[in-house]
Structures are given as structure tokens and as C-alpha cells.
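Observations on chain architecture
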Amino acid sequence: MDNYVRIFDTTLRDGEQSPGATMTSAEKLEVARALARLGVDVIEAGFPAASPDDLAAVRRIAVEIGHPGRAEGMPARPPIICGLARANKSDIDKAWEAVKHAARSRIHTFLATSEIHMRYKLKMDREQVIERVLDMVSYARSLCPDVEFSPEDAGRSDPEFLYLVLGEAIKAGATTLNIPDTVGYTTPDEFGALIAGILAHTSGIDNCIVSVHCHDDLGLATANTLAGIRAGARQAEVTINGIGERAGNTSLEEVVMALHTRRPAFNLTTGVDTTQIMRASKLVSNYTGILVQPNKAIVGANAFAHEAGIHQDGMLKHQQTYEIMRPETVGVTQSRLVLGKHSGRHAFKTRLTEMGYVLSEAELDKAFGRFKDLADKKKIITDADLEALVTDEFYQPREVYALDGLQVACGTVGMPTATVRLRGPDGRLHVHAAVGTGPVDAAYKAIDHIAKAPNSLQEFAVRAVTEGIDALGEVTVRIQALDGQSSLAAQREVDQPRTFGGHGTDTDIIVASVKAYLAAVNKMLVATGKYGDSERPAEVGVAARQS
Ligand code: KIV
Ligand code: ZN
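Residues numbered from 1 in each chain as written. Chains lettered and ligands numbered in written order. Predicted model: local features only at pLDDT ≥ 70, side-chain atom pairs only at ≥ 80, totals over all residues. Heavy atoms only, no water.

**Structural notes on the overall build of the protein**
The criterion, for reference: Strands are runs of DSSP state E lasting at least two residues, helices are runs of H or I lasting at least four, and both sets are numbered from the N terminus onward. C-alpha atoms define the radius of gyration, and 2.2 Å times the number of residues to the power 0.38 defines the globule rule. Buried means the residue's accessible area, taken with a 1.4 Å probe over protein chains only, is under 20% of the maximum for its type, while exposed means over 50%, and partly exposed covers the values in between. A contact between two residues is defined here by any heavy atoms of the two lying within 4.5 Å. A 1.4 Å probe and the Shrake-Rupley method give the accessible areas. Residues count as covered only by the protein chains that appear here. Note that His is not counted, nor are the chain ends; the positive residues are Lys and Arg, and the negative ones are Asp and Glu. Positions of charges follow a simple convention, taking NZ of Lys, CZ of Arg, CG of Asp or CD of Glu.
Scanning the protein from terminus to terminus reveals 18 helices and 18 strands. For the protein, the C-alpha radius of gyration of 24 Å lies close to 24 Å, the compact-globule estimate for 547 residues. Along the longest, intermediate and shortest principal axes, the C-alpha atoms of the protein span 70 × 60 × 45 Å. Residues counted as buried form 58% of the 547 residues belonging to the protein. Within the protein, residue pairs in contact and separated by at least 24 positions form 68% of the contacts whose partners lie at least 6 positions apart. As displayed, the protein has an accessible area near 22,300 Å², and 53% of this comes from carbon and sulfur atoms. One finds the centroid of the 59 positive side-chain charges in the protein at a distance of 4 Å from the centroid of its 70 negative side-chain charges.

Have a look at this one:
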């Protein structure tokens, strides 16, 4: 058995299935690019049968990310681009249509094997399930040389039946067999034993890669994944920040860093460049509007913070007293004074390059202008500020409406009022004033009046990027479309309403709130398809770490 664990990232499929994680096609492309730089082996780019937009987004990733050296900073060997399909010809055709443009493509098809799923969801008996698996894996294999099969709800399936189904899938041409704990039900010893049993009792398994795919309903996804790997699985299906259905999927950063940090215990490697982890985490959080909890392992804001005096004292004496990983290993840049009001363009560019951002001259001009504005308001500019500034400037969805001016009146006397001026898709300026329960509510009402994009606000969160009264404020919002926009969820086979995230940064939190809301509204408008293609020119404003 080899000692290489393939990292199969499903942020863009299972992750995007989590409530509120809808990303535009352009955002998916940026995430795919970040995943390729991270060095994942497989990108599950989506579920092409969900909608024509989903198919187009997967195709675009196959074309742009699935080829070697198409863009700066991309790995010489591109990741495999994979599309999910239910076990029927129409889904498989759509998945193939989307992924076939990549240099290396994979079709991933699935069918449930647990008694409860077969009886109530599929209304099929065991023989029918076996026959369908045989037919559909053969069909997928007739199109694509790389086929993955998943017996959905394997964690609650009869192992003897699983051995049979998997053996048939292998006969039909499956090259990877993925074992999902779809509802996050198993415990690590059970899941490890399941994988060991599959490896021992499935005929033909020696020529296949066994994969694990765990959900976090009991908080055991990472533990189960590691147990499966210990038992012999050599592919782990994961998402950035652990986003995914319900409580989420196994998180990429936890599995990769467990294997990396405990190398002597596992004696296994991955192809992931760990220094890219933090940036990918932030990108996914900004695009989905799903915040990372502060105490989240590896990528949480507190993951490397030491508050207790006794810990700080230990750290000063020897870093490894309380730190098992160096923050730099996962790409956490220490908050430190880097630049000030008098720093020039050259120093600014040098620091950004050191942080891994490669900007064109025009982008640099824009970013430098913002840096100067910020330096006027804030004495100390840290790496975290620079990171927020670049993210805010360049990682934003296409602007259907752009903020041109904002004025608010609020306080204990009078009615909170906001006047908003937006430049619209027609190039004209639109001004509206509204009254609300507070300045943010008033501004959002004014935007709603201009943009006419009915939605309900699902989440609104403010946090400070750094410490201090002059800190940049970072706002994340999530809105749900009220005009019936929905997309098909693969496993539930039902349409779910679409939710859009937005993100904004400014020293003024009302401005940051407006930027975040407008970003979400723009995403929603782009998704209606009424404003043309959501494309941004490739590589514009994309951060590329120089290696
Ligand atoms: O959780 C699950 O069962 C899945 C399959 C489609 C692999 O996501
Ligand atoms: Zn899943």
C-alpha cells in the first residue's frame, strides 16, 4: 500500500450544498484556482445536473484549471476535475459534458445502499441496486477512464451487502471506491473497521483506491477520516473550513495538518502546500459568507492565540511548550507593524509580494490608493490589514451596482436615515434615502429600493480585523433570494432556496456593512442571469503565492 493520501476537495460540491454557501461561477473559479495552488489531487467542481449554471461552472473549471500551466502560479500537474452524478444516464451525461474538457477528468456516481435509503428513498431492493450500480458504473466508464463510485449512507449499510455492491462496481470499471458516512453516524473504531472489512472482503479491491467521506454530525468527521486512513484508505474527501451539508464535512485543514504534524505516527504524506491553507480558508469564508468560528482548529482566529499568562510565559521560554504547529506553516502571518503613513509604493509592493500577492501595475495603483487612505486613518498597518484591504478590493463579485456615495444620520434623537448613491448597470447614478431601525437597516432599505432584488437578511456579523479603536471592521452578510431562485441538492433531490454571502471591509462599519450587503445583492443579481456573464477576467486581482 502506498503512503500517499490523495486529497479530494469537495468544497465546490458538498460544501456548496451547505445552506447559504452559494457561490457565483466566477467565485467558484477563484476557489478552484486556490485549490489547485493548494495542491489538492482532485477538485469535485460541482453537480452538473443541478442546473445549466452548475454545468457551465464545472465546465469552466475543467477548461481553466484542469490544464497544466494555464495561469501563473498553477501547478505543473493540474488536479483531476470531477463532477458528481446520481446513478442515471442523464446525470452521468451532464457530468461528462462538464468535466471532459480537463486534461484529467473523473465522473463520480453514487447510489444509496442502506436499508432505510433503499426502502424509503429509492424504493428499490438489493438486486435492483446492484443492477443499477453495474449498469451506471459501466456507462460512466464507457465515457471516462476515471470513475468513482459511492454507496451513499455506507456508514449505516450492511457491510456484507457493501462488499457485494463494491465488487460489482469494480467489475463495471470503477477506479475509486468512496465510502461515505453520509449522516455522520459512525464512531472512529466502527468506521476504521468498516474500511478494514471492505479492504479485506471486496473482490478486486487491490486495484482500486479506497476513499473516505465523512460528515460531522457528531463532531467525529476528522477522527473518522483518520481512522479510515489508518485502516488503508488512500483518498480523503474534505472541504475547506469543513463546510457542507448540515454540520459539514471533514475539514481539509484538519486532516492535512494531522498527517503533517503527526508524520511519525502516520508515516503518510499529501501533496498539499500547507502555507496556502489560511488564504484558501479566508477566500471560502468571504465568498460563502460562512464565518469560521474563532476556536476552529487550524484556521480559527484563536487557533494560534495564547491568552493565559502561564501559556504566554511558556511560549516566551520555548515556542513548542504550547504550540504544536508554527502559524507560518499554515500561512498565518503574524500581526506586526509593517508599513505606515510614510511608506512608499515600493515598500508596499515589496510587502505584498512577500505575503504572496502578485498584482498588476494597475491593481497595485488601486490598492496603494486604498492603503494611503487607510494609513491616514490608522497609524499602525499590519499584515492582517493588508490582507483585508487586498481581499476587499479584488475578491469581490462582479458589480452590477457600485457604491458611489453614502451618508447616514443616526443617534438617540430623530430617525435613523441613510442616503445611498449607486452606479447602476446602465452607468447612471441612482440616489435614494430611506429610514430604518438603525443606519444599517436604513441603508439596506435604500439599496433594496434601487436594486429591486427582493431578499431576506439571514445573517449579519461584524468583527474587527485587528485590535484597537481604529481597527478595520469586517462585515459578513448572508441573504436569501425571495424570488424563487433555487438549486437542486444532489442527495435530497429537492430544490433549495439560494442564499448569497457578501463581505466588506472599512474603518467605518456602516460603510463596511453597505459594501457587504451590496456584494451579496450583486451576487444575487448576477445569478439571475439578467446581467450577462459573471466572469471576471482570469487572474485579475488574484493572489498568487510565489513558491
Ligand atoms: O455524503 C455523501 O454520501 C455524499 C455522496 C454523494 C458521496 O456526499
Ligand atoms: Zn457528503
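**Quick word on helix α7 (residues 159-172)**
Short version of the rule: By this rule, a helix spans an expected 1.5 Å times one less than how many residues it contains. In protein, a polar contact requires one atom able to donate a hydrogen and another able to accept it; more generally it is a pair of N or O atoms within 3.5 Å, and residues adjacent in sequence count only if both atoms are side-chain atoms.
A rise of 1.5 Å per residue sets the reference length of α7, with its 14 residues, at 20 Å; its end C-alpha atoms lie 20 Å apart and thus fit the reference within 8%. When you tally the buried positions in α7, you get 10 out of 14 residues, the bulk of the element. Those residues of α7 that fall on the buried side of the exposure criterion are Phe-161, Leu-162, Tyr-163, Val-165, Leu-166, Gly-167, Glu-168, Ala-169, Ile-170 and Ala-172. Structurally, α7 contributes buried residues whose contacts are with α5 (115-122), α6 (126-143), β5 (147-152), β6 (176-181) and α8 (188-201). The backbone nitrogen of Glu-160 has a side-chain oxygen 3.1 Å away, supplied by the residue at the start of α7, namely Asp-158. At the C-terminal side of α7, Gly-173 shows a positive phi close to 115°.

**What to know about the side chain of Asn-286**
Within the element layout of this structure, Asn-286 appears in helix α12 (residues 277-288). Excluding its chain neighbours within four sequence positions, the residues that come into contact with Asn-286 are Thr-391 and His-503.

**Details of helix α14 (residues 345-354)**
Rules: Starting at the helix axis, one direction is taken to each C-beta atom, and the arc is that of these directions.
All buried positions along α14 are accounted for by Phe-348, Arg-351 and Leu-352. The buried residues of α14 occupy an angular sector of 100° when the element is viewed end-on, so they sit on one face. Away from the buried face of α14 by more than 90 degrees, exposed residues His-346 and Glu-354 are located.

**Focus: the site of ligand 1**
Let me state the cut-off plainly: Here a residue is near a molecule or strand as soon as one of its heavy atoms is found within 4 Å of it. Put simply, Ala, Val, Leu, Ile, Met, Phe, Trp, Tyr, Cys and Pro go in the nonpolar bin, Asp, Glu, Lys and Arg in the charged bin, and everything else, Gly too, in the polar bin.
For ligand 1, the full set of nearby residues is Arg-13, Asp-14, His-108, Phe-110, Ser-150, Glu-152, Asn-178, Pro-180, Thr-182, His-213, His-215 and Gln-491. In the model, an oxygen atom of ligand 1 is placed 2.6 Å from a nitrogen or oxygen of the Thr-182 side chain. In this structure, His-213 approaches ligand 1 through a side-chain N or O atom, which is 3.1 Å from an oxygen atom. When isolated, ligand 1 has an accessible area of 260 Å², and the protein chains bury 100% of it. Of all the secondary-structure elements, those providing two or more residues to the shell around ligand 1 are α1 (11-15), β4 (105-112), β5 and β6. Across the shell around ligand 1, the residue classes tally to two nonpolar, seven polar and three charged.

**What to know about the pairing of strand β15 (residues 473-481)**
Put simply, the test is: When DSSP finds two or more bridges between a pair of strands, those strands are recorded as paired.
The element β15 is largely enclosed, with a buried count of eight among its nine residues. Note that strand β14 (residues 455-464) and β15 share nine bridges and pair antiparallel. For Leu-457, the partnering residue across the bridge sits in β15 and is Ile-479.

**Some points on the coordination of the zinc ion (ligand 2)**
Keep this limit in mind: Donors, by definition, are the N, O and S atoms found within 2.8 Å of a metal, the threshold being 3.2 Å for Na, K and Ca, and water is not counted, so a site can look incomplete.
Here the zinc ion (ligand 2) is held by Asp-14 (OD), His-213 (NE2) and His-215 (NE2), and the distances to it run 2.0 to 2.1 Å. Sequence spacing of the donors to the zinc ion (ligand 2): D-x198-H-x1-H.

**Quick notes on the sheet that holds strand β8 (residues 235-238)**
Cut-off, in case you're wondering: Fitted lines through C-alpha atoms give the axes, limited to the stretch in contact for helices. The angle between two N-to-C directions lies from 0 to 180 degrees.
Spatial strand order, β1-β2-β3-β4-β5-β6-β7-β8: eight strands in a closed barrel with parallel pairing. For this sheet the average axis-to-axis angle between neighbouring strands, irrespective of direction, equals 25°. When strand β7 (residues 209-214) meets β8, the two strands line up parallel, connected through three bridges. Bridge pairing in β8 places His-213 opposite Glu-237. Relative to the sheet, helix α9 (residues 221-230) contacts β6, β7 and β8, its axis offset from that of β7 by approximately 165°.

**Comments concerning the sheet that holds β15**
Strands belonging to one sheet form pairs held by backbone hydrogen bonds; the direction of such a pair is parallel or antiparallel. The three strands lie next to each other as β14-β15-β18, forming an open sheet whose pairing is antiparallel. Across the chains shown, the open sheet's two edge strands, defined by having one partner strand only, are β14 and β18 (499-506). Sheet twist, expressed as the mean angle between neighbouring strand axes with direction ignored, is 15°.

**Focus: the domain arrangement of the protein**
Filter applied, for reference: In this document the domain limits rely on a domain assignment from an automatic tool or a database. Salt bridges are identified by distance alone: a Lys or Arg side-chain nitrogen within 4 Å of an Asp or Glu carboxyl oxygen.
Along its sequence, the protein is carved into domain 1 (6-288), domain 2 (309-394 + 538-542) and domain 3 (402-527). For domain 1 and domain 2, the distance between their C-alpha centres works out to 34 Å. Counting from both sides, the interface comprises 16 residues of domain 1 and, opposite them, 16 residues of domain 2. In this structure, the connection of domain 1 to domain 2 is made through zero salt bridges.

**Concerning the packing of aromatic side chains**
For clarity, the cut-off: The rule is short: rings of Phe, Tyr and Trp, with Trp giving its six-membered ring, pair when the centres are within 6.5 Å, and they are stacked under 30 degrees, edge-to-face over 60, tilted in between.
What the rule picks out here adds up to five aromatic pairs. Where Phe-348 meets Phe-371, the ring centres are 4.9 Å apart and the plane angle is 25°; that geometry is what we call stacked. With Phe-348 in helix α14 and Phe-371 in helix α15 (residues 361-377), this pair connects stretches of sequence that are 23 residues apart. Comparing Phe-348 with Phe-371 shows no difference in burial state: the two are buried. Aromatic pair Tyr-444 and Tyr-517: ring centres 3.8 Å apart, planes at 10°, arrangement stacked.

**Some thoughts on the nonpolar core**
For the record, the criterion: Here, the term nonpolar core denotes a set of buried Ala, Val, Leu, Ile, Met, Phe, Trp, Tyr and Cys residues that are joined through side-chain atoms within 4.5 Å.
Formed by 94 residues in total, the largest nonpolar core has its most connected members in Ile-7, Leu-38, Ile-43, Phe-149, Leu-177, Ile-179 and Ile-229. Examining the composition of this core, we find that eight residues originate from one element, α7, more than from any other. Here this core spans two domains, and each of domain 1 (6-288) and domain 2 (309-394 + 538-542) adds at least three residues to it. Leu-422, Ala-443, Ala-512 and Val-521 belong to the second-largest nonpolar core, a separate cluster that totals 32 residues.

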